[in-house]
Amino acid sequence: MLKPDYPLKTARLLLRPFEPADLDDFYAYRSRPDVFRYLYGESVTREECAELLDALVGDDELTAEGQRLALAVHLPEADRVIGSAVLKWRSENDRQGEIGYSLNPDFQGHGYATEAARAMLELGFRDLGLHRIVAECDPRNEPSWRVMERLGMRREAHFRELEIFKGEWGDLFVYAMLEEEYARAQA
Ligand SMILES: CC(C)(COP(=O)(O)OP(=O)(O)OC[C@H]1O[C@@H](n2cnc3c(N)ncnc32)[C@H](O)[C@@H]1OP(=O)(O)O)[C@@H](O)C(=O)NCCC(=O)NCCS
């Protein structure tokens, strides 16, 4: 069970549940095909975006395995939401989780994704008590696996052609971190 006190604060960011007023900022990156190049799904219209946002609003806790917590990444300096960070609770019994992140391209290249993802690792290890957290991406998505490496996660697997992704064979990198590796990195 995880119910954080919001907003979560990092050096430059605030992480908090999405709100209806985030629609413009949410749409600004959810509508961009470049953001979806290596993500499942496609960019969406404003109406579809409003429906997606509705489903996220009120999403502020993890009460059972299988759930995901998707938080808005707010940059006070710009007074707007610049992306999202996700923690998925994969297994209660085995204490496994997964993180993910997306940023508006206008705000990439400043370390914000790494900063937000680090906060999600902290939620997973410190607050939810997870033993292992993974992150996955297409190997061609270098900005994504560079975030994982900056976080100190280890590349554990390169699955080759395990699925048809957007009309062609897709590979998958799996990165992971164990709780003791996280503790050592904090020390
Ligand atoms: C994956 C994604 C979030 C990475 O964004 P990003 O901006 O490259 O990542 P960060 O915010 O951590 O920024 C890191 C970059 O900022 C630079 N940087 C500048 N200031 C920095 C700082 N204070 N701290 C850390 N890095 C900093 C780093 O050098 C790095 O650039 P480099 O890779 O050229 O060396 C982004 O590409 C994205 O949203 N993609 C679309 C969605 C997606 O694919 N998500 C992942 C799904 S698996």
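Sequence order as written defines the numbering, with residues in each chain counted from 1. Thresholds applied to this predicted model are a pLDDT of at least 70 for local features of residues and 80 or more for the giving and counting of side-chain atom pairs; totals over whole chains, interfaces and linings are not thresholded and use all residues. Just so you know, side-chain values use all the structure's heavy atoms and leave hydrogens and water out.

- If you look the chain up in an unreviewed UniProt entry, it shows as Protein N-acetyltransferase, RimJ/RimL family from Lentzea albida.

### As for the layout of surface pockets
Right, on to step 1. Using protein atoms alone on a 1 Å grid, points that fit a 1.4 Å probe yet trap it form a cavity, whereas open point sets bounded by protein on both sides within 12 Å along at least five of seven lines form a pocket; residues with an atom within 4 Å of a point count as lining. Grid points are joined across faces, edges and corners, and a volume is the space filled by probe spheres set on the points. Each pocket or cavity is described by its volume, and for the largest pocket that value is around 1400 Å³.
Right, on to step 2. With six residues, the single largest contributor to the lining of the largest pocket is strand 5 (residues 96–103).
Right, on to step 3. Of the residues belonging to the lining of the largest pocket, the class tally is 26 nonpolar, 10 polar and 11 charged.
Right, on to step 4. In this model, the second largest pocket occupies a volume close to 180 Å³.
Right, on to step 5. Along its surface, the second largest pocket is lined by Leu8, Lys9, Thr10, Glu115, Arg118, Ala119, Glu122, Leu123, Arg126, Asp127, Tyr182 and Gln186.
Right, on to step 6. Counting from the N terminus, the helices are DSSP H or I runs at least four residues long and the strands are E runs at least two residues long. Mapped onto the lining of the second largest pocket, the elements with two or more residues apiece are strand 1 (8–9), helix 3 (112–127) and helix 5 (179–186).
Right, on to step 7. Sort the elements by how many residues they give to the lining of the second largest pocket and helix 3 lands first, with seven residues.
Right, on to step 8. Three categories are distinguished: nonpolar for Ala, Val, Leu, Ile, Met, Phe, Trp, Tyr, Cys and Pro, charged for Asp, Glu, Lys and Arg, and polar for the others, with Gly belonging to the last. Per-class residue counts for the lining of the second largest pocket are four nonpolar, two polar and six charged.

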